[in-house]
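Take a look at the letters that make up each chain.
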Amino acid sequence: MARTARVAFAEVDPRLEAMARTLGLSPWRTFLEITLPLARRGLLAAAVMGFSRSLGEFGATIIVAGSIPGKTQTLALSIFSDIQSGRDRDATLLVGVTVALAFVAVYAVELLMRRPSAGRESA
């Protein structure tokens, strides 16, 4: 999913974003009003692929890891259990934790994938 989303954002012409900035749009508004709409098809494809993949992974996780609360319960299984038990607030909190972890992971990968600048030597 992250690769597909990255490609969708990379295909947005940076000149369009630069023009929006010169016309007075803030970076945030440029992202919301220019970048997101231009990348929407790729982002939708990424979401569909991620959802499809998660359907298969959930079944495998519940069978292999089991779902013993406090022992073998994964984050996804805990969210599922909370929703089934009517603890929507707990489930929402765990979804927030999951989203935060996903953003941290994507950011870490982006940092690791950056090429060193021309002035610095690579290790």
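Preceding this section is the structure that the text describes.
Predicted model, so just to flag it, every value in this text is computed and none were measured.

Engineer: So what's going on with the layout of surface pockets? Residues and values would help.
Structural biologist: In this structure, the largest pocket spans a volume of roughly 1,100 Å³. Lining the largest pocket we find 27 residues, and of these Met 1, Gly 50, Ser 54, Thr 98 and Ala 102 sit closest to its centre. Residue assignment for the lining of the largest pocket shows that the elements contributing at least two residues are helix 1 (2-10), helix 3 (27-64), helix 4 (75-84) and helix 5 (88-113). When residues in the lining of the largest pocket are grouped by element, the largest group, eleven residues, is from helix 3. Each residue belonging to the lining of the largest pocket can be placed in one class, and the counts come to 19 nonpolar, four polar and four charged.

Engineer: Got a sec to walk through the pattern of salt bridges? Specific residues and values, please.
Structural biologist: Between side chains of opposite charge, pairing is possible as soon as their charged atoms come close. A full pass over the atoms with the stated rule returns four salt bridges. In this structure, Glu 33 engages Arg 29 in a salt bridge whose closest nitrogen and oxygen atoms are separated by 2.9 Å. Remark: Arg 29 and Glu 33 occur in helix 3; sequence separation between them is four residues, near one turn of the helix. Note that Asp 82 is salt-bridged to Arg 87, the shortest N-O span being 2.5 Å. The exposure class of Arg 87 is partly exposed, given its relative accessible area of 38%. Through salt bridges with shared partners, a single network forms among Asp 82, Arg 87 and Asp 90.

Engineer: A description of the side chain of Asp 82 should follow, citing residues and the corresponding values.
Structural biologist: In this fold, Asp 82 is placed in helix 4. Here the side chain of Asp 82 touches Arg 87 through a polar contact of 2.5 Å, side chain to side chain. The residues touching Asp 82, leaving out its near neighbours within four places in the chain, are Arg 87, Asp 88, Asp 90, Ala 91 and Leu 94.

Engineer: Quick one: what's the story with the environment of Leu 75, residue by residue and with numbers?
Structural biologist: With respect to the element layout, Leu 75 can be found in helix 4. Judged by its relative accessible area of 31%, Leu 75 is partly exposed. Sequence separation of Leu 75 and Leu 94 is 19 residues, and the distance between their C-alpha atoms is 7.2 Å. Ignoring any residue separated from it by four or fewer positions in sequence, one finds Leu 75 in contact with Leu 94, Val 97, Thr 98 and Leu 101.

Rules and cut-offs
Residues numbered from 1 in each chain as written. Predicted model: local features only at pLDDT ≥ 70, side-chain atom pairs only at ≥ 80, totals over all residues. Heavy atoms only, no water. 1 Å grid on protein atoms, 1.4 Å probe; cavity = no way out; pocket = protein on both sides within 12 Å on 5 of 7 lines; lining within 4 Å. Points joined across faces, edges and corners; volume = space filled by probe spheres on them. Helix = DSSP H or I, 4+ residues; strand = E, 2+ residues; numbered from the N terminus. Nonpolar A, V, L, I, M, F, W, Y, C, P; charged D, E, K, R; others polar. Salt bridge = Lys/Arg side-chain N within 4 Å of Asp/Glu carboxyl O. Buried < 20%, exposed > 50% of the residue type's maximum accessible area, 1.4 Å probe, protein only. Polar contact = N/O pair within 3.5 Å; in protein donor to acceptor, adjacent residues only side chain to side chain. Contact = heavy atoms within 4.5 Å.

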